[in-house]
Amino acid sequence: MALSKDFMFGTATASYQIEGAATEGGRCPSIWDTFSHTPGHTLNGDTGDVATDSYHRYKEDIALLKELGVDAYRFSIAMPRIVPTELGPTNEEGLDFYERVVDELLANGIKPCATLYHWDLPQYLGDKGGWLNRDTAYRVADYTQRVAERLGDRVDTWITLNEPWCSSYLSYGGTEHAPGLGGGPAAFAAVHHLNLAHGLMVQALRGEIKDDARVAVTLNLQFNRGDSDAVHRTDLVGNRVFLDPMLRGYYPAELFAVTKGICDWSFVKDGDLEQIHQPLDLLGINYYSTGLVAMSDRPQFPQSTEASTFPGCSDIDWLPTPGEHTEMGWNIDPNGLYDMLVRVHNDYPELPLFITENGIACADELVTETDPATGDAVKAVHDDKRISYLTKHFDAARRAIEAGVDLRGYFVWSMLDNFEWAFGYTKRFGITYVDYETQERTPKDSFKWYRKLIASRELPVL
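Residues numbered from 1 in each chain as written. Predicted model: local features only at pLDDT ≥ 70, side-chain atom pairs only at ≥ 80, totals over all residues. Heavy atoms only, no water.

By the naming in an unreviewed UniProt entry, the protein chain is Beta-glucosidase, taken from Bifidobacterium aerophilum. Under the heading Catalytic activity (unreviewed entry), UniProt records this for the protein chain: "Hydrolysis of terminal, non-reducing beta-D-glucosyl residues with release of beta-D-glucose." (UniProt positions renumbered as here; feature names shortened; annotations may be inferred.)

Below, the structure is given as structure tokens:
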């Protein structure tokens with residue numbers, strides 16, 4: 001399938017996962033600095049202190065993007081670099097850094113796609129409850145205003161939040177992500193305040209950005225198969241809790257009904273839904289895998305404070321998924337991407353979609369071999385499994401377009417191997433191999449495969 005010149009082929013990263021320079025440039029600590037420096041929270045005690053050192057190597061990384069031939073690059077801006085003190089002045093050194101990144105991208109013909117919140121909340125807001133505190137939404141909107149004032153004339157696409165499911169349920173309901181509160185249904189307050197922040201951020205952007213810039217949000221929608229009742233409940237708690245307020249201006253009444261034993265939703269104030277429901281230009285979808293669920297014989301509500309990443313679903317079992325799995329233990333299900341895109345298009349047909357993340361963690365191995373053309377010793381990574389994964393998922397995207405989905409772009413996760421949150425440096429998602437000892441970058445076979453795909457501007461057919 002040949003694609004128009006407006007379709008965005010891209011790749012993506014996130015600030016805490018790649019930048020490093022944790023104490024440089026006026027940056028303050030984030031909740032992820034605190035979390036990763038607390039023993040037992042990350043594998044091997046890994047932190048993002050250095051990561052891939054992209055704060056210092058951004059020009060080298062953008063040169064790789066140019067070699068790859070992408071139309072756009074999705075990166076995130078770190079609030080701790082912009083507003084390092086509570087209610088304090090803008091840190092111009094932080095804004096200067098992102099201005100250099102944006103200008104370097106533009107100089108290389110690459111559209112900047114900026115995510116404003118990718119989980120690295122300043123610790124001073126974490127100390128006041130983080131996303132459990134309503135005021136955080138207003139502080140993040142203020143930060144958005146400051147960034148947009150400086151960069152609003154150059155960024156092509158703005159994304160308010162990345163995966164609020166993770167920064168609420170994994171972070172406040174469970175213990176997997178910062179701050180690791182483990183409060184179960186307490187996460188619903190974080191959900192709402194993230195939704196509120198999204199709406200306020202959209203409003204802050206609209207007054208500052210260029211007329212043809214686009215505003216979006218990125219959701220990692222939970223796609224489950226199995227028992228219909230279990231699928232419906234997990235959809236309410238995992239997906240429609242974001243989709244409906246953002247895109248329709250309400251929370252589903254059924255969501256309140258199924259959670260009434262553990263949450264009274266009193267944190268939803270008059271006027272909030274009008275603030276949340278703001279016009280968008282695109283909806284970003286992050287997709288990796290699917291789940292398999294079934295109803296159990298357990299009661300729905302155990303102790304109301306029990307840690308859970310799906311509060312209100314304690315009577316549901318997550319079953320082993322069949323087929324091949326990735327290094328993360330996630331199943332490989334390209335049809336899930338097709339089904340998800342079609343479902344979202346059918347339910348919210350007014351909004352164009354783009355895939356803001358899709359990729360796979362593999363057990364990549366860096367090898368040195370002889371280049372048959374020159375006889376020189378060269379480094380290489382032969383990641384055939386990643387190429388197979390991406391081929392199947394690009395094919396699923398093609399099928400979705402043929403089914404009528406208005407898909408505007410596809411960003412491969414990730415441009416670089418990086419700090420993979422609680423998994424530290426043990427999982428490699430990149431199409432570029434990073435030697436964490438030397439910071440040397442080596443394009444993998446998947447990088448070369450993607451370069452050819454981008455140059456062809458055609459999606460594969462399987």
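Moving on, we get to the layout of surface pockets. By volume, the largest pocket amounts to about 1,000 Å³. Trp165, Leu170, Gln222, Ser289 and Trp330 are, among the 38 residues lining the largest pocket, the residues nearest its centre. Ranked by residues supplied to the lining of the largest pocket, first place goes to helix α8 (residues 164-173) with 3 residues. Of the residues contributing to the lining of the largest pocket, the split by class is 19 nonpolar, 15 polar and 4 charged. (1 Å grid on protein atoms, 1.4 Å probe; cavity = no way out; pocket = protein on both sides within 12 Å on 5 of 7 lines; lining within 4 Å. Points joined across faces, edges and corners; volume = space filled by probe spheres on them. Helix = DSSP H or I, 4+ residues; strand = E, 2+ residues; numbered from the N terminus. Nonpolar A, V, L, I, M, F, W, Y, C, P; charged D, E, K, R; others polar.)

Soluble globular proteins: nonpolar side chains tend toward being buried together. Judged by nonpolar contacts, the single largest core of 143 residues is most densely connected at Trp158, Leu283, Phe394 and Tyr450. A per-element tally of this core places helix α9 (residues 187-206) first, with 12 residues. Beyond its immediate chain neighbours, meaning those up to four positions away, Leu283 contacts Val217, Leu219, Leu243, Leu247, Val344, Leu351, Pro352, Leu353 and Phe354. Among the nonpolar cores identified, the runner-up in size contains 8 residues, and Met8, Ile159, Phe354 and Phe411 belong to it. (Core = buried A, V, L, I, M, F, W, Y, C linked by side-chain atoms within 4.5 Å. Buried < 20%, exposed > 50% of the residue type's maximum accessible area, 1.4 Å probe, protein only. Contact = heavy atoms within 4.5 Å.)

Taken in spatial order, the 8 strands close into a barrel running β1-β2-β3-β4-β5-β7-β10-β13, and their pairing is parallel. Each neighbouring strand pair of the sheet contributes to a mean axis angle of 25 degrees, computed without reference to strand direction. Pairing of strand β1 (residues 8-12) with strand β2 (residues 72-76), which is carried by 3 bridges, proceeds in the parallel orientation. When the bridges of β2 are listed, Thr11 appears paired with Tyr73. (Pairing = 2+ DSSP bridges. Axes fitted to C-alpha atoms, helices over the stretch in contact; angles between N-to-C directions.)

This brings us to unusual backbone geometry. Cis rather than trans, the peptide bond between Ala178 and Pro179 has omega equal to 5 degrees. Checked against the element boundaries, Pro179 lands in the loop between α8 and α9. For the peptide bond that leads from Trp413 to Ser414, omega is 5 degrees, which places it in the cis range. Tracing the sequence through the fold places Ser414 in the loop between β13 (407-413) and β14 (432-434). Located in the positive-phi region is Ala21, a residue other than glycine, with phi close to 45 degrees.

Where charged atoms of side chains with opposite charge meet at close range, the side chains can pair. For the structure shown, the criterion picks out 40 salt bridges. Close ionic contact of Glu60 with Arg57 constitutes a salt bridge, the shortest N to O distance being 3.5 Å. Of this pair, Glu60 and Arg57 both sit in helix α3 (residues 54-68), 3 residues apart, roughly one helical turn. Judged by its relative accessible area of 34%, Glu60 falls in the partly exposed class. Look at Arg57 and you get partly exposed, because its relative accessible area is 25%. Notably, a salt bridge pairs Asp406 with Arg408, separated by 2.7 Å at the nearest N-O pair. On the basis of relative accessible area, Asp406 is assigned to the partly exposed category, the value being 30%. For Arg408, a relative accessible area of 33% puts it in the partly exposed group. A single salt-bridge network, built from bridges that share partners, covers Glu92, Asp96, Glu99, Asp103, Arg150, Asp153 and Arg154. (Salt bridge = Lys/Arg side-chain N within 4 Å of Asp/Glu carboxyl O.)

Attention shifts here to helix α15 (residues 445-456). Look at α15: 17 Å from first C-alpha to last across 12 residues, which is about the 16 Å you get at 1.5 Å a residue. Taken together, the buried positions of α15 are occupied by Asp445, Ser446, Phe447, Trp449, Tyr450, Leu453 and Ile454. Tucked into the core, α15 has its buried residues touching β1, α3, α14 (384-402), β13, β14 and β15 (441-443). Residue Arg457 follows α15 closely and has a positive phi angle near 55 degrees. (Expected span 1.5 Å × (residues − 1).)

The next thing to look at is the UniProt feature "active site" (unreviewed entry) in the protein chain. Per the UniProt record, the feature "active site" (unreviewed entry) sits at Glu163 and Glu357. With the annotated positions falling across 195 residues, the maximum pairwise C-alpha distance of 10.4 Å places them together in a single cluster. Those annotated residues that line the largest pocket are Glu163 and Glu357. When you line up the elements, Glu163 lands in the loop between β4 (157-162) and α8. Since its relative accessible area comes to 7%, Glu163 is described here as buried. In this view, Glu163 contacts Trp119, Thr218, Asn220, Asn286, Tyr288 and Glu357; residues no more than four positions away in its chain are not counted. Considering the arrangement of structural elements, one finds Glu357 in strand β10 (residues 353-357). Dropping the residues within four chain positions of it, Glu357 is found in contact with Arg74, His118, Asn162, Glu163, Ile285, Asn286, Tyr287, Tyr288, Phe411 and Trp413.

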